[in-house]
Amino acid sequence: MADPNIATPVIVPGLRGGSTSQILKKNSNTDFDYGWGAGYLETVEAIGNSGTTKTLNGPASGTMKTVTLNNNCTFTMPSAVAGESFSLEMTQDGTGSRIPTFTSVRWSSGSMPAASTAINAIDVLAFACFDGTHWEGVQVAKGLA
């Protein structure tokens with residue numbers, strides 16, 4: 001029988017101090033301990049409007065980033081560091097139809113997935129670096145309202 005105090009192994013964006021694949025141990029009814037201390041929280045970096053170009057900061061400034069697409073934007077990725085990861089929530093502005101592109105990302109499908117274009121639509125992307133050279137990207141959610 002499975003131990004009810006052990007959860008499934010997961011990949012946690014921005015996790016530092018150990019492998020990004022951790023077995024979470026139940027710390028209370030609602031919290032999990034990542035193996036070296038309770039209360040680990042992701043940090044949010046609110047980027048604001050995208051403009052036409054935006055250089056993303058590394059995970060040290062926020063493992064969860066939010067941006068509003070107010071133009072077609074080319075995002076320049078931060079330097080690739082093995083073991084780092086972050087997520088990006090992109091919201092279309094009141095005009096919509098903004099197209100994001102990213103430099104130096106290898107996508108799970110071989111090419112960047114199409115972004116939502118509806119007014120105020122939200123897409124979530126996740127990025128991880130395993131080898132210190134490349135960012136790997138995946139679309140986590142598309143068209144949230």
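Conventions adopted
Along each chain, the written sequence defines residue order, and numbers are assigned to residues from 1. Owing to the predicted nature of the model, reporting of local features is limited to residues with pLDDT of at least 70; listing and counting of side-chain atom pairs is limited to 80 or more, with chain, interface and lining totals taken over all residues. As a convention, hydrogens and water are excluded, and side-chain values are obtained from all of the structure's heavy atoms. Numbering of helices and strands runs from the N terminus, with a helix taken as a DSSP run of H or I at least four residues long and a strand as a DSSP run of E at least two residues long. Any pair of residues with heavy atoms lying within 4.5 Å of one another is described as a contacting pair. Shrake-Rupley sampling with a 1.4 Å probe provides the accessible areas, and residues are treated as covered by the protein chains on show and by no other component. Only strands that DSSP links by at least two bridges are regarded as paired with each other. The axes used here are C-alpha line fits, helices contributing only the stretch in contact, and every angle between their N-to-C directions lies in the interval 0 to 180 degrees. Two aromatic rings, drawn from Phe, Tyr or Trp (for Trp, its six-membered ring), form a pair once their centres lie within 6.5 Å of each other, and the interplanar angle then sorts them: stacked below 30 degrees, edge-to-face above 60, tilted otherwise. Type-normalised accessible area, obtained with a 1.4 Å probe on protein chains alone, sets the label of each residue: buried when under 20%, exposed when over 50%, and partly exposed for intermediate values. As used in this record, nonpolar core signifies buried Ala, Val, Leu, Ile, Met, Phe, Trp, Tyr and Cys residues forming a set joined through side-chain atoms within 4.5 Å. Here a polar contact means two N or O atoms within 3.5 Å. Within protein one must be a hydrogen donor candidate and the other an acceptor candidate, and residues neighboring in sequence count only if both atoms are side-chain atoms.

Details of the overall build of the protein
Turning to step 1, where the next piece is worked out: A count of helical and extended segments in the protein gives zero helices and 13 strands.
Turning to step 2, where the next piece is worked out: Ordered by position from the N terminus, the helices and strands of the protein form the series β-β-β-β-β-β-β-β-β-β-β-β-β.
Turning to step 3, where the next piece is worked out: A separation threshold of at least 6 residues defines the contact pool for the protein, and within that pool the share at least 24 residues apart is 44%.
Turning to step 4, where the next piece is worked out: Here the protein has roughly 7,800 Å² of accessible surface; of this, 54% comes from carbon and sulfur atoms.

Focus: the sheet that holds strand S11 (residues 105-107)
Turning to step 1, where the next piece is worked out: Read across the open sheet, the six strands follow the order S5-S7-S9-S12-S13-S11; overall the sheet is mixed. Where the open sheet ends on each side, the last strands, each with one partner, are strand S5 (44-49) and S11. The sheet shows a mean angle of 25° between the axes of neighbouring strands, taken without regard to direction.
Turning to step 2, where the next piece is worked out: With five bridges connecting them, S5 and strand S7 (residues 64-69) associate as parallel partners.

Overview of the packing of aromatic side chains
Turning to step 1, where the next piece is worked out: Under the definition given, this model contains six aromatic pairs.
Turning to step 2, where the next piece is worked out: Ring geometry for Phe102 against Trp107: centres 5.8 Å apart, planes inclined by 70°, an arrangement best described as edge-to-face. The exposure classification of Phe102 matches that of Trp107, with both residues buried.
Turning to step 3, where the next piece is worked out: Ring centres 5.4 Å apart and planes at 45° place the aromatic pair Phe102 and Phe127 in the tilted group. One end of the pair, Phe102, is in strand S10 (residues 100-102); the other, Phe127, is in strand S12 (residues 122-128), and 25 residues separate them in sequence. Of the two residues, Phe102 and Phe127, both sit in the buried class.
Turning to step 4, where the next piece is worked out: Feature note: the residues Phe75, Phe86, Phe102, Trp107, Phe127 and Trp135 constitute an aromatic cluster, connected by ring pairs.

Observations concerning the nonpolar core
Turning to step 1, where the next piece is worked out: Counting residues in each nonpolar core, the largest one holds 18 residues, and the members touching the most others are Phe75, Met77, Met90, Phe102, Phe127 and Trp135.
Turning to step 2, where the next piece is worked out: For this core, the elements supplying multiple residues, two or more each, are S7, strand S8 (73-76), strand S9 (85-92), S11 and S12.
Turning to step 3, where the next piece is worked out: At three residues, the largest contribution of residues to this core is made by S9.
Turning to step 4, where the next piece is worked out: Once you skip the residues sitting within four places of it in the chain, Met90 turns out to touch Val67, Leu69, Phe75, Pro100, Phe102, Ala121, Ile122, Asp123 and Leu125.

Considerations on the side chain of Lys65
Turning to step 1, where the next piece is worked out: As for its position among the elements, Lys65 is in strand S7.
Turning to step 2, where the next piece is worked out: At a separation of 3.1 Å, a polar atom in the side chain of Lys65 contacts the main-chain carbonyl oxygen of Asn57.
Turning to step 3, where the next piece is worked out: Of note is the side chain of Lys65, whose polar atom sits 2.9 Å from the backbone oxygen of Gly62.
Turning to step 4, where the next piece is worked out: When near neighbours in sequence (up to four residues on either side) are disregarded, Lys65 contacts Glu45, Ile47, Asn57, Gly58, Phe86, Ser87, Leu88 and Glu89.

Some remarks on the pairing of S12
Sheet faces and side chains relate simply in a regular strand, where the side chains alternate between the two faces.
Turning to step 1, where the next piece is worked out: Across the seven residues that make up S12, a large majority, seven, are buried.
Turning to step 2, where the next piece is worked out: Direction of pairing for S9 relative to S12: antiparallel, over a ladder of seven bridges. Following the sheet pairing, Phe86 is matched in S12 by Phe127.
Turning to step 3, where the next piece is worked out: Hairpin remark: S12 followed by strand S13 (residues 135-144), antiparallel, with six residues in the connecting loop; positive phi at Gly132, about 80°.

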